Amino acid sequence: MTKEEIILANKEFLFPAVFHFYKEPLVIARAKDQYVWDADDNQYLDFLGGIVTVSVGHCNSTINAKIHQQLDTLQHVSTLFANEPQAALAKKIASITPGGKLTKSFFTNSGTEANETAILTARCYTGNTDIVALRHSYHGRSAMAMSLTGQGTWRLGPAQAGVVHAHNAYCYRCPFGLTYPACDVRCASDMEELIRTTTGGRIAAFIAEPIQGVGGYVTPPREYFSIIEGIVRNHGGLFISDEVQTGWGRTGGKWFGIEQWGVTPDIITGAKGLANGSPVGLTVAKPEIADGLKGVTLSTFGGNPVTATAAKAVIDFIEEQKLMDNCTTTGAYLRAALEELQQKHQIIGDVRGMGLMQAIELVEDRTTKTPAVAQTARLLEATRENHLLVGKGGLYGNVIRVTPPMNIGTSDVDQFIQLLDKSLTESA
Ligand SMILES: Cc1ncc(COP(=O)(O)O)c(C=O)c1O
């Protein structure tokens, strides 16, 4: 198919709700490591990583060699049968969860399913119904996951009962108009009143992304999650960490984002970067909590041997190549460079994130903080013109999200900054 035929077929045969970046959809034809090529063979530097999914580089040769071998050995059996790749992956994951305490896994195919499973498990284990999620969150696209999600754009159809939304720790736009640390982390202590006033008082769980991904990399202060954990546990709730974006070392030095806040969750969910592009969903829980999901359940593709092989290979690769450390050092280099760009471009109101998960929030005016929505859209088009891929997000659509593969180096960051700088100037 030609590029034009592909775009036309997209329009004609896909749901119109399938939205694309850019005015004219970009057709990607192939990819390798930190680069992708479009249908006209133009090369782009990929600092979005397939929305935080290409964790160890496109078509990573080490991972793909193992996938190819597994593909020719055993492709599918379903969860009705045991297989070595699933068992080996579950065993490996159990060994790297915080404190080695979350040891039982259930595999599915997406972050959405992983969160569905986590909510179901928490409700079965606690016998409670109410769930507390965060405003500005994103947890997926099933009816429940959309109800958990705290952004109107991503909530379609009627909401499910039993979900309330607490304030997030959006320090740049504090919901209480306060400033950290004088605020005493009011957004966290507000949880007590939220539970007392909007739930029955006993809750099944609190679910949060340690850093809100689609929400624009909103990064809470150090005390936030431990304050919340105490309140949630007092009300009978479990702590679910949605690590779909923050997992597998991306935040630097630790396997899971929530570890940066010193909290050991009861359930972790994962997807995206776990298998570097193969569809996967993971719900891993403390054993007694997993045991609370009584009865039987099935996922046809969950723990698929090929996907499980990919996921185990990714974890091994991250470990062998010390990519968690690379996320710390190269992430710090990236952060410093973005802060330098902030000095130069007035439009950059905030720089935030952790490790190789960084964002810039664009504002029309640094005092009023009016979201620079049109300028962000122009910037995205300019990055495309300059052959750079980045993400866009945030409740107001004014955040540029940066999540390159975790095995990039500082020279890639230099190239990225040069292209972003040029795009910022051209789109001003
Ligand atoms: C934090 C988070 N949770 C859950 C999901 C849903 O994952 P999926 O799109 O694989 O269903 C996403 C997707 O972007 C996400 O960012």
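Residues numbered from 1 in each chain as written. Predicted model: local features only at pLDDT ≥ 70, side-chain atom pairs only at ≥ 80, totals over all residues.

Trainee: Talk me through the domain arrangement of the protein chain; I want residue IDs and the actual numbers.
Mentor: Assigned domains within the protein chain: domain 1 (3-56 + 322-427) and domain 2 (64-320). With centres defined by C-alpha atoms, the gap from domain 1 to domain 2 works out at 25 Å. Opposite the 30 residues of domain 1 that make contact, domain 2 presents 28 residues. For the side of domain 1 that touches domain 2, the leading source of residues is helix α11 (residues 323-344), giving 6 residues. Per-class residue counts for the side of domain 1 that touches domain 2 are 14 nonpolar, 10 polar and 6 charged. (Domains from an automatic or database assignment. Contact = placed C-beta atoms within 7 Å. Helix = DSSP H or I, 4+ residues; strand = E, 2+ residues; numbered from the N terminus. Nonpolar A, V, L, I, M, F, W, Y, C, P; charged D, E, K, R; others polar.)

Trainee: How would you explain the environment of Ala 275 if you had to name every residue and give the values?
Mentor: Among the structural elements, Ala 275 can be located in the loop between β9 (267-270) and β10 (281-285). Since 29 C-beta atoms lie within 10 Å of it, Ala 275 is described here as buried. Spatially, the C-alpha atom of Ala 275 lies 12 Å from that of Pro 305, the residues being 30 residues apart in sequence. If sequence neighbours within four positions are ignored, Ala 275 has contacts with Val 280, Thr 307, Ala 310, Ala 311 and Val 314. (Buried ≥ 20, exposed ≤ 12 C-beta atoms within 10 Å, placed from the backbone.)

Trainee: Account for the sheet that holds β10, with residues named and values stated.
Mentor: Reading across from one edge, β4-β10-β9-β8-β7-β5-β6 is the order of the 7 strands in this open sheet, with mixed pairing throughout. Across the chains shown, the open sheet's two edge strands, defined by having one partner strand only, are β4 (104-108) and β6 (163-166). On average, adjacent strands in this sheet sit at an angle of 20° to one another, irrespective of strand direction. Across 5 bridges, the pairing between β4 and β10 is antiparallel. Across the sheet, the residue bridging to Lys 104 is Ala 285, located in β10. The strands touched by helix α5 (residues 111-126) are β4, β5 (131-134), β7 (205-208), β8 (238-242), β9 and β10; relative to β10, the strand with the most contacts, the crossing angle is about 25°. (Pairing = 2+ DSSP bridges. Axes fitted to C-alpha atoms, helices over the stretch in contact; angles between N-to-C directions.)

Trainee: Mind laying out the sheet that holds strand β13 (residues 388-389), listing which residues take part and the relevant values?
Mentor: Read across the sheet, 4 strands follow the order β1-β2-β3-β13 without closing on themselves; strand pairing throughout is mixed. Looking at the sheet topology across the chains shown, the edges are occupied by β1 (28-32) and β13.

Trainee: Describe in detail the site of the ligand, supporting the description with residues and values.
Mentor: The local shell around the ligand holds 14 residues, among which Ser 110, Gly 111, Thr 112, Gly 140 and Val 244 are the closest. In terms of residues, the shell around the ligand owes the most to one element, α5, which gives 3 residues. Here the residues of the shell around the ligand sort into 4 nonpolar, 8 polar and 2 charged. (Near = placed C-beta within 6 Å.)

Trainee: Break down helix α13 (residues 410-427) for me, with residues and values.
Mentor: Helix length check: α13 (18 residues) gives 25 Å between terminal C-alpha atoms against 26 Å at 1.5 Å per residue, within 8%. Residues of α13 that are buried: Asp 412, Val 413, Phe 416, Leu 419, Leu 420, Ser 423, Leu 424 and Ser 427. The buried residues of α13 all sit within an arc of 140° when viewed along its axis, so they share a single face. Facing away from the buried side of α13 by over 90 degrees, the exposed positions are Ser 411 and Thr 425. In this structure, the buried residues of α13 make contact with β3 (43-46), α11, α12 (373-385) and β13. (Expected span 1.5 Å × (residues − 1). Arc of directions from axis to C-beta.)

Trainee: How would you sum up α5? Please name residues and give values.
Mentor: Across its 16 residues, α5 extends 22 Å between first and last C-alpha, which sits within 8% of the 22 Å expected from 1.5 Å per residue. A large share of α5 lies buried, amounting to 13 of its 16 residues. Directly beyond the C-terminal end of α5, a positive phi value near 75° is found at Gly 127.

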